[in-house]
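Each chain, written out:
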Amino acid sequence: MQSLVTLALIAVTVLVSWRAFNDRRVVDRLILWPPAIARQREYWRLLTHGFLHADFPHLLFNMVTLFFFGRLIERLMLQLTGSPLTFLLFYLSAIVVAILPSYLKNQDNPRYFSLGASGAVSAVLFAFIMVSPWSLIFVFFIPMPAVLYALFYVGYSIWMDRRGGDNINHSAHLAGAAYGVLFMVAMEPQVLQVFWEQLVNPRFR
């Protein structure tokens, strides 16, 4: 089954998040809280925060996105590398990389907390956009070419990151998106050529 890693990641995330909804001790142990990392060396929080979610809609949105795009990228990475572990490495490392800018900025801030898989999911989504920029994706049930959504997503995230005040880690979204692009190019440099060729020869599908 070529989507086994994606399905396993979804299952683990749902189980951990659901447990955390009903047990605050799980949240306290796994959430990204900078002082616990900087002072107590609880480095696992850089990874485990990606398996927690604030509420059910937050969890549902991330897991639905991961389900649709993760399976495609997992199959592609399997074809390119021959190893099912490539996608697992990509996703787990994306959780860590996406949160690093926020952590470094707030490592001395005891009031800062972060949780959610959005950074890693952004990496998966932008990896998909690199190989299929004109595919139609549905944004709140509205079809939109993936590359146009990417432009909107990046612009909105930059604006909201500077504005602040909505309790969403837009910095992690941006870092995850950039990591998804860079990982794909590092894994297979020809992805850039494929992306450009598709970009200048649009085919909606």
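Residues numbered from 1 in each chain as written. Predicted model: local features only at pLDDT ≥ 70, side-chain atom pairs only at ≥ 80, totals over all residues. Heavy atoms only, no water.

**Q** Where do I start with unusual backbone geometry in this structure?
**A** Most peptide bonds take the trans form, and the phi angle of most residues other than glycine is negative. The backbone of Arg41 sits at a positive phi, close to 60°, despite the residue not being glycine. One can find Arg41 in the loop between α3 (34–38) and α4 (45–48). (Helix = DSSP H or I, 4+ residues; strand = E, 2+ residues; numbered from the N terminus.)

**Q** How should the nonpolar core be read in this particular structure?
**A** General note: in soluble globular proteins, nonpolar side chains tend to be found buried as a group. By size, the foremost hydrophobic cluster in this structure holds 39 residues, and its most contacted members are Leu66, Ile73, Phe87, Phe90, Tyr91 and Val124. The set of elements that each furnish at least two residues to this core consists of α1 (4–21), α5 (56–81), α6 (85–106), α7 (118–131), β1 (136–139), α8 (146–163), α9 (170–187) and α10 (190–200). Residue contacts for Val124: discarding those within four places in its chain leaves Leu66, Phe69, Gly70, Ile73, Phe87, Phe90 and Tyr91. (Core = buried A, V, L, I, M, F, W, Y, C linked by side-chain atoms within 4.5 Å. Buried < 20%, exposed > 50% of the residue type's maximum accessible area, 1.4 Å probe, protein only. Contact = heavy atoms within 4.5 Å.)

**Q** Help me out: how do you make sense of the packing of α7 against α8 in this one?
**A** Helix-helix packing: each pair is described by the crossing angle between the helix axes and the interaxial distance. Between α7 and α8, whose axes approach to 10 Å, the crossing angle comes to 140°. Judged by the inter-axis angle, α7 sits oblique to α8. You can see that α7 and α8 cross each other, and the crossing is left-handed. Note on element contacts: α8 touches α7 through Ala146, Val147, Tyr149, Ala150, Tyr153 and Val154, opposite Ser122, Leu125, Phe126 and Ile129. (Axes fitted to C-alpha atoms, helices over the stretch in contact; angles between N-to-C directions. Parallel < 35°, antiparallel > 145°, perpendicular 65-115°, else oblique. Left-handed = near helix turned anticlockwise from the far one by under 90°.)

**Q** I tried to follow the pairing of strand β2 (residues 142–145) on my own but got confused; where do I start?
**A** Moving residue by residue along a regular strand, the side chains alternate between the two faces of the sheet. Here 4 bridges tie β1 to β2, and the two strands are oriented antiparallel to one another. Residue pairing across strands places Leu136 opposite Pro145, the latter belonging to β2. (Pairing = 2+ DSSP bridges.)

**Q** Looking at this model, I keep getting lost on a nonpolar patch on the surface. Mind explaining?
**A** A cluster of nonpolar side chains, Trp18, Phe56, Leu60, Val64, Phe67 and Phe68, forms an exposed patch at the surface whose accessible area comes to about 580 Å². Per-element accounting of the nonpolar patch gives the leading share, 5 residues, to α5. Looking at where Val64 falls in the secondary structure, it is placed in helix α5. (Patch = residues over 30% accessible without salt bridge, like charges linked within 9 Å, V, L, I, M, F, W, Y side chains within 5 Å. Areas by Shrake-Rupley, 256 points an atom, 1.4 Å probe, with all protein chains shown as cover. Salt bridge = Lys/Arg side-chain N within 4 Å of Asp/Glu carboxyl O.)

**Q** Would you explain the packing of aromatic side chains in this entry?
**A** Here a ring pair, both rings aromatic, is described through the centre-centre distance and the interplanar angle of the planes. This structure, assessed with the given rule, holds 13 aromatic pairs. An angle of 35° between the planes, with centres 6.5 Å apart, marks the rings of Phe87 and Tyr91 as tilted. One end of the pair, Phe87, and the other, Tyr91, are both in helix α6, 4 residues apart, so they sit about a helical turn from each other. Of the two residues, Phe87 and Tyr91, both sit in the buried class. Ring geometry for Phe152 and Tyr156: centres 5.9 Å apart, planes at 15°, overall stacked. (Phe/Tyr/Trp six-rings, centres within 6.5 Å; stacked < 30°, edge-to-face > 60°.)

**Q** Sorry if this is basic, but what is going on with the confidence of the model for the protein chain here?
**A** The predicted structure's coordinates, where accompanied by low pLDDT, should not be read in detail. Taken over all residues, the pLDDT of the protein chain has a mean of 92, while the share at 70 or more is 98%. Model confidence for the protein chain, summarised as mean pLDDT per element, is weakest for β1 at 82 and strongest for α4 at 98. (pLDDT = per-residue confidence, 0-100.)

**Q** It is not clear to me how α6 should be interpreted in this structure. Could you clarify?
**A** Residues spaced three or four apart along an α-helix face the same direction, because each turn holds 3.6 residues. Look at α6: 32 Å from first C-alpha to last across 22 residues, which is about the 32 Å you get at 1.5 Å a residue. Residues of α6 that are buried include every one of Thr86, Phe87, Phe90, Tyr91, Ser93, Ala94, Ile95, Ala98, Ile99, Ser102, Tyr103 and Asn106, and no others. (Expected span 1.5 Å × (residues − 1).)

**Q** Is there a simple way to explain the pattern of salt bridges in this structure?
**A** Close approach of charged atoms allows side chains of opposite charge to pair. Applying the stated rule across the entire model yields 5 salt bridges. Arg19 serves as the salt-bridge partner of Asp23, at 3.6 Å between the closest nitrogen and oxygen. Between Asp23 and Arg25 there is a salt bridge, and its shortest N-O distance comes to 3.1 Å. The exposure class of Asp23 is buried, given its relative accessible area of 11%. With a relative accessible area of 63%, Arg25 lands in the exposed category.

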